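Summary of the model geometry
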Amino acid sequence: MKKLLLVLLVGMVTLLTACGQNADKGSNSGAAPEEKKEITVGFGVGTYEEQFRQSILPILEKKGYKVDIKTFSQNMQVNPAMKEGSIDASIFQSTAYMEAINKEIGADMVGIAYVPGAPQGLYSVKHTTLDDVKDGTTVAVPNDPVNQERALRILEELGWVKIKEGAGVEDFNINSMEPDKYKIDIKILDPAQILVSLEDVDYGVVNGNYIANAGKKITDALKIENTPMQHRIIVSINKKDENTQWAKDLKAAYESPEFEEYITGIEKYDGFILPEAWKTNK
């Protein structure tokens, strides 16, 4: 009986020792988790998907990535997809817009790189000059708070309207402004619809990527905004992915000399705001 107990005791000690060694291998080996090589990138309407397909995608593929591109018919669909994890990154929004959506839907997105982006501009098919403005002039502006604030800042600079003191960006609305020199009739439309609705209004503030995507020139605007940093387009990801290798490689691709050469070599991107990071490229 004593021999049997001794054998059982030795067996248990051996088993526990083996389990402990296996646990140590799993926790103390120092091996980093394997980085994924398959990512999904989301886009709204505009030129940013084209930029990605023609220049960023080949850079990532050379590094061994398999990229699924997902295009949304409406920009408002992109960020909820990011939150739920069906896309890993998006290229369509500004820092101000991202921060507003973070609060609205409880997301935790961050920007990792700036993207060549087009400024807003004031366009018209009925007028060739801004001097035609008068009381009752109709001007179309975007319906989302961030782009609407940008648009009305352009009109404020012209002296057509006045933004009320203390007006924010995230909660901006038509009541955040008041008449200045003129009683402008503001028409609120989806950003993607303003360009095709210019026949119905006197002027319209159009996001520049729609202008470029339509084969038109940003420089044809009667007034172009001086886009502040908070309204420039970024690559956005979930904060939990900020230190992943794929996020670092995506950022590097957007800041690379190869991408700079692609953008500066295509006429349709004339007038785009270029990333500050390109100043270090040689």
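Residues numbered from 1 in each chain as written. Predicted model: local features only at pLDDT ≥ 70, side-chain atom pairs only at ≥ 80, totals over all residues. Heavy atoms only, no water.

What follows concerns the overall build of the chain. Along its length, the chain carries nine helices and 12 strands. Residues classed as buried in the chain amount to 46% of the 282 residues present. Within the chain, contacts between residues at least 6 apart in sequence are counted, and of these 74% link residues at least 24 apart. Surface summary for the chain: the accessible area is close to 15100 Å², and the carbon and sulfur share equals 51%. (Helix = DSSP H or I, 4+ residues; strand = E, 2+ residues; numbered from the N terminus. Buried < 20%, exposed > 50% of the residue type's maximum accessible area, 1.4 Å probe, protein only. Contact = heavy atoms within 4.5 Å. Areas by Shrake-Rupley, 256 points an atom, 1.4 Å probe, with all protein chains shown as cover.)

Below, the discussion takes up the nonpolar core. Within the largest apolar cluster, 45 residues are counted, with the highest numbers of intra-cluster contacts made by F52, L60, V67, I91, L250 and Y254. By residue number, the principal contributor to this core is helix α2 (residues 48-62), which donates six residues. No fewer than three residues from each of domain 1 (38-117 + 232-280) and domain 2 (121-228) sit in this core. Those residues in contact with Y254, other than ones at most four positions away along the chain, are F52, I56, I91, A113, Y114, V115, V235, F259 and W278. (Core = buried A, V, L, I, M, F, W, Y, C linked by side-chain atoms within 4.5 Å. Domains from an automatic or database assignment.)

What follows covers empty space enclosed by the protein. Taken as a whole, this structure holds one cavity of 30 Å³ or more when the rule is applied. When its volume is computed, the largest cavity comes out at roughly 40 Å³. Y114, V115, M229, R232, I273, L274, P275 and E276 are the residues that line the largest cavity. For the lining of the largest cavity, the per-class residue count stands at six nonpolar, no polar and two charged. (1 Å grid on protein atoms, 1.4 Å probe; cavity = no way out; pocket = protein on both sides within 12 Å on 5 of 7 lines; lining within 4 Å. Points joined across faces, edges and corners; volume = space filled by probe spheres on them. Nonpolar A, V, L, I, M, F, W, Y, C, P; charged D, E, K, R; others polar.)

Next up on the list: the layout of surface pockets. The computed volume of the largest pocket comes to approximately 700 Å³. As for the largest pocket, its lining consists of 39 residues, and the residues nearest its centre are N75, F92, Y97, D144 and N147. Taken together, the elements giving at least two residues each to the lining of the largest pocket come down to α3 (78-84), β3 (89-94), α4 (95-105), α5 (145-158), α6 (191-194) and α7 (208-213). Sort the elements by how many residues they give to the lining of the largest pocket and α4 lands first, with five residues. Taken together, the residues that form the lining of the largest pocket break down as 18 nonpolar, 15 polar and six charged. Formed jointly, the lining of the largest pocket draws a minimum of three residues from each of two domains, domain 1 (38-117 + 232-280) and domain 2 (121-228).

Time to look at the confidence of the model for the chain. It should be kept in mind that the predicted coordinates are not to be read in detail where pLDDT is low. Mean pLDDT over the chain stands at 88; residues scoring 70 or higher make up 88%. Predicted confidence is poor over residues 1-32, with pLDDT under 50, and the contacts of this stretch with residues over four places away or in other chains come to one contact. (pLDDT = per-residue confidence, 0-100.)

Evaluation of the coordinates by the stated rule reveals eight aromatic pairs. If you follow K37 out to its NZ or CZ, it ends over the ring of Y65, 4.1 Å from the centre. (Phe/Tyr/Trp six-rings, centres within 6.5 Å; stacked < 30°, edge-to-face > 60°. Lys NZ or Arg CZ within 6 Å of the ring centre and 35° of its normal.)

This part is about α5. Taking 1.5 Å per residue as the helical rise, α5 with its 14 residues ought to reach 20 Å, and the 20 Å between its terminal C-alpha atoms agrees with that figure. Residues of α5 that are buried include every one of V146, N147, Q148, E149, R150, A151, L152, I154 and L155, and no others. A positive backbone phi angle near 85° is found at G159, which sits one or two residues after α5. (Expected span 1.5 Å × (residues − 1).)

Moving on: the side chain of Q120. Mapped onto the fold, Q120 is located in the loop between β4 (109-114) and β5 (121-123). A polar side-chain atom of Q120 sits 3.2 Å from the main-chain carbonyl oxygen of N147. Sequence-distant contacts of Q120, that is, excluding residues within four places in its chain, are made with P142, N147, R150, A151, I154, V205, V206, N207, G208, K223, I224 and E225. (Polar contact = N/O pair within 3.5 Å; in protein donor to acceptor, adjacent residues only side chain to side chain.)

All right, on to the sheet that holds strand β9 (residues 185-189) then. Across the sheet, which stays open at both edges, the five strands sit in the order β9-β6-β10-β5-β11 with mixed pairing between neighbours. Only two strands of the sheet have a single neighbouring strand rather than two, namely β9 and β11 (223-224). Against the sheet, α5 makes contact with β5, β6 (138-142), β9, β10 (203-206) and β11, and its axis sits at roughly 145° relative to β6, the strand it touches most. (Pairing = 2+ DSSP bridges. Axes fitted to C-alpha atoms, helices over the stretch in contact; angles between N-to-C directions.)

Relative to the elements of secondary structure, H231 occurs in the loop between β11 and β12 (233-238). Expressed as a C-alpha distance, the spacing of H231 and A96, which sit 135 residues apart in the sequence, is 6.0 Å. Here H231 is in contact with S94, A96, V146, E149, R150 and V169, once residues within four sequence places are set aside.

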